[in-house]
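Close look at the chain arrangement
One-letter residues, chain by chain:
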Amino acid sequence: MGSQGGSFEEENPESLIGQGSLFSLTLDEVQDQLGNLGKPLGSVNLDELLKSVDNVGAWSSPGLTLSSDLSKKTVEEVWRNIQQKKRRDADSQERNAPLGEMTLEDFLVKAGVVTEAAPPQQQESAQWMQFQHPSVQKPPYQNNMVAGFMQGHPVQQPLPAADAAYPDSQMNLSPSSLMGTSSDTQNPTRKRVAPGDVAEKTVERKQKRMIKNRESAARSRARRQAYTHELEIKVYHLEEENERLRRQKEAEVLPCAPPPEPKSQLRRTSSTPF
Amino acid sequence: MPRDREPLSVGRVIGDVLDPFTRSISLRVNYNSREVNNGCELKPSHVVSQPRVDIGGDDLRTFYTLVMVDPDAPSPSNPNLREYLHWLVTDIPATTGASFGQEVVCYESPRPTAGIHRFVFVLFRQLGRQTVYAPGWRQNFKTRDFAELYNLGSPVAAVYFNCQRESGSGGRRR
């Protein structure tokens, strides 16, 4: 594989070969190369796109599978999906480049097109889409390194303790890990049971527990205080109402007419002549 | 009253579920003559059946929506199902009660398994009679989003109670 890079000017436009060469082109450049598409890249079906690329002979591994629902979508739609995913993923450090400037590789990965097991770096990239952190396969990564391969590969870092309370579906990657560098050879989460790690984990666990405890205590205090305030407010209102009713009651008694007369006594006013 | 003494704030209902609002309609919730006061604790056995809900207001032509959610599902230290929708009733005429409205999502008895959960009743004023569609599932309901979706504006009333396992003795285990 010769030197790969962003500059393809010296290569014969008709014969783009070499693994990953097309991948590293931006979509704009791809569109130029695949001039025979006959319509703007945006409205091209993923199916058509792959076929055209195939024709140009750019794939070294033709066994890429395309899920049926993806193939029907146009590039435009897939791009919109990607943008939505990006927006949701607030932690993403990826630049929000317009469609044309994204590399074909990035686009395909993000579209979820890439599904096969080999080539390895594609699989890793695809897995980046699911918020998992597979252990990085270092050797193939470096061998097949293509300069244009800009996939921000996340290096898994020990989760900061505060996030332990929340499920892994949140991306908690530190910014430095995201725009993955090709020369990254440190991977702290490699399965190595060194004594240092074990101690570290215990400390980590203790911290997590302490934080959880603190939160629980805070919730407990909030609960108690909220209820106390509520009762105080209620008491205040009830006392007021009580006062009001008492005053009302007293006010009613005074100006009140004297108690009704005892039932009128019958008095003889005349006698009837029998 | 200063904001920080408002029980809904202190109990973080304002914050986790709602934004600050001004109470304008009375909302009384009674489970078998046990009235719900903010922050009071009720047992699951007390809240098995839907409560009696009486609302205030004055014009029978004004309609209200009642939402009941659990923001602490499945547990307060890990509320990844926040909020769990327990009950949704719409088109409740002012001065009446929930039994006069349309039950869009039927009442589900609170059954907390872990921790002490808050159960929040929120009342919204509707712009008019409106069709409200039940969400596909009860978990991960967002009262804020729901209100925005149906143009309900800010809440007009809210009240909440605490509830834990029937035999619970409070709080976090692990």
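Residues numbered from 1 in each chain as written. Chains lettered and ligands numbered in written order. Predicted model: local features only at pLDDT ≥ 70, side-chain atom pairs only at ≥ 80, totals over all residues. Heavy atoms only, no water.

This is how the line gets drawn: UniProt positions are given in the numbering used here, feature names are shortened, and annotations may be inferred rather than shown by experiment.
Chain B is annotated in an unreviewed UniProt entry as Flowering locus T from Salix udensis. Taken from UniProt, the Sequence similarities (unreviewed entry) comment for chain B reads in full: "Belongs to the phosphatidylethanolamine-binding protein family."

As recorded by an unreviewed UniProt entry, chain A carries the name BZIP domain-containing protein and is attributed to Salix udensis. Comment text from UniProt for chain A, heading Subcellular location (unreviewed entry), reads "Nucleus".

As for the overall build of chain B
Put simply, the rule is: Helical segments are the DSSP runs of H or I of at least four residues, strand segments are the runs of E of at least two, and each set is numbered from the N terminus. Under the scheme applied here, a residue whose accessible area is under 20% of the maximum for its type counts as buried, over 50% as exposed, and between as partly exposed, the area being computed with a 1.4 Å probe on protein chains only. In what follows, a contact means two residues having at least one pair of non-hydrogen atoms within 4.5 Å. Computed with a 1.4 Å probe, the accessible areas rest on the Shrake-Rupley method; for each residue, only the protein chains presented here act as cover.
What chain B contains, in helices and strands, is three helices and nine strands. Scanning chain B from its N terminus toward the C terminus, one meets helices and strands in the order α-α-β-β-β-β-β-β-β-β-α-β. For chain B, the proportion of its 174 residues judged to be buried stands at 53%. Counted over contacts in chain B with a minimum sequence separation of 6, partners at least 24 positions apart contribute 74%. Element-wise, carbon and sulfur atoms account for 46% of the exposed surface of chain B, whose accessible area totals about 8,200 Å².

With respect to unusual backbone geometry
Residue and element names in this part refer to chain B. Here the bond from alanine 73 into proline 74 is cis, since omega is -10 degrees, no more than 30 degrees from zero. Following arginine 82, the chain continues into glutamate 83 via a peptide bond in cis, with omega recorded as -10 degrees. Among the structural elements, glutamate 83 can be located in the loop between strand S5 (63–70) and strand S6 (84–93). Residue arginine 12 is not a glycine yet carries a positive backbone phi of 60 degrees. Relative to the elements of secondary structure, arginine 12 occurs in the loop between helix H1 (7–10) and helix H2 (13–16). In this structure arginine 12 comes out as partly exposed when scored by relative accessible area, which is 42%.

Examining the environment of alanine 98 of chain B
Residues and elements named next belong to chain B. Residue placement: alanine 98 occurs in the loop between S6 and strand S7 (102–105). Separated by 69 residues in sequence, alanine 98 and valine 29 have C-alpha atoms that sit 9.8 Å apart. With residues up to four places along the chain from it excluded, the contact list for alanine 98 reads Val53, Leu66, Trp87, Val89 and Ile92.

Observations concerning the sheet that holds S6 of chain B
Residue and element names in this part refer to chain B. What counts here: What makes two strands pair is DSSP finding at least two bridges between them. A fitted line through C-alpha atoms serves as each axis, taken over the contacting stretch for helices, and the angle formed by two N-to-C directions is quoted from 0 to 180°.
The strand order S3-S9-S8-S5-S6-S7 describes an open sheet built from six strands, whose pairing is mixed. Strands at the two margins of the open sheet, each flanked by one partner only, are strand S3 (40–42) and S7. The average angle at which neighbouring strand axes cross in this sheet is 25 degrees, direction not considered.

Focus: helix H9 (residues 195–253) of chain A
Worth spelling out the cut-off: The span expected for a helix works out to 1.5 Å for each residue beyond the first.
Taking 1.5 Å as the rise per residue, H9 of chain A with 59 residues should run 87 Å; its terminal C-alpha atoms sit 87 Å apart, in good agreement. Every buried residue of H9 of chain A is accounted for by Glu204, Ser216, Ala222, Arg223, Ala226, His229 and Glu230 of chain A. Those residues of H9 of chain A hidden inside the fold are in contact with H1 and strand S9 (155–163) of chain B.

What to know about the environment of valine 53 of chain B
Residues and elements named next belong to chain B. Turning to its location among the elements, valine 53 is positioned in strand S4 (residues 52–55). Residues valine 53 and alanine 98, spaced 45 residues apart in sequence, show a C-alpha to C-alpha distance of 5.5 Å. Dropping the residues within four chain positions of it, valine 53 is found in contact with Leu27, Arg28, Val29, Leu66, Trp87, Thr96, Gly97 and Ala98.

Here we look at the nonpolar core
All names here are of chain B. Heads up, the condition is: Definition used in this section: a nonpolar core is a set of buried Ala, Val, Leu, Ile, Met, Phe, Trp, Tyr and Cys residues joined via side-chain atoms within 4.5 Å.
Counting 27 residues, the largest nonpolar core has Leu27, Tyr31, Leu66, Trp87, Phe121, Leu123 and Phe161 as its most contacted members. Contributions of two or more residues to this core are made by strand S1 (27–31), S3, S4, S5, S6, strand S8 (117–125) and S9. By residue number, the principal contributor to this core is S9, which donates five residues. Excluding residues that lie within four positions of it along the chain, leucine 123 makes contacts with Ile25, Leu27, Ile55, Tyr64, Thr65, Leu66, Pro155, Val156 and Ala157. The next biggest cluster of nonpolar side chains, apart from the first, holds 24 residues, and it includes Leu88, Phe141, Tyr150 and Tyr160.

Considerations on the pattern of salt bridges
Residue and element names in this part refer to chain B. Condition: Salt bridge, as used here, is a side-chain nitrogen of Lys or Arg placed within 4 Å of a carboxyl oxygen of Asp or Glu.
A complete count under the given rule lists 13 salt bridges over all chains for this structure. Between arginine 52 and aspartate 54 there is a salt bridge whose closest N-O contact spans 2.8 Å. Its relative accessible area of 16% is what places aspartate 54 among the buried residues. Of the charged contacts in the structure, one is a salt bridge between glutamate 108 and arginine 138, with a shortest N-O distance of 3.1 Å.

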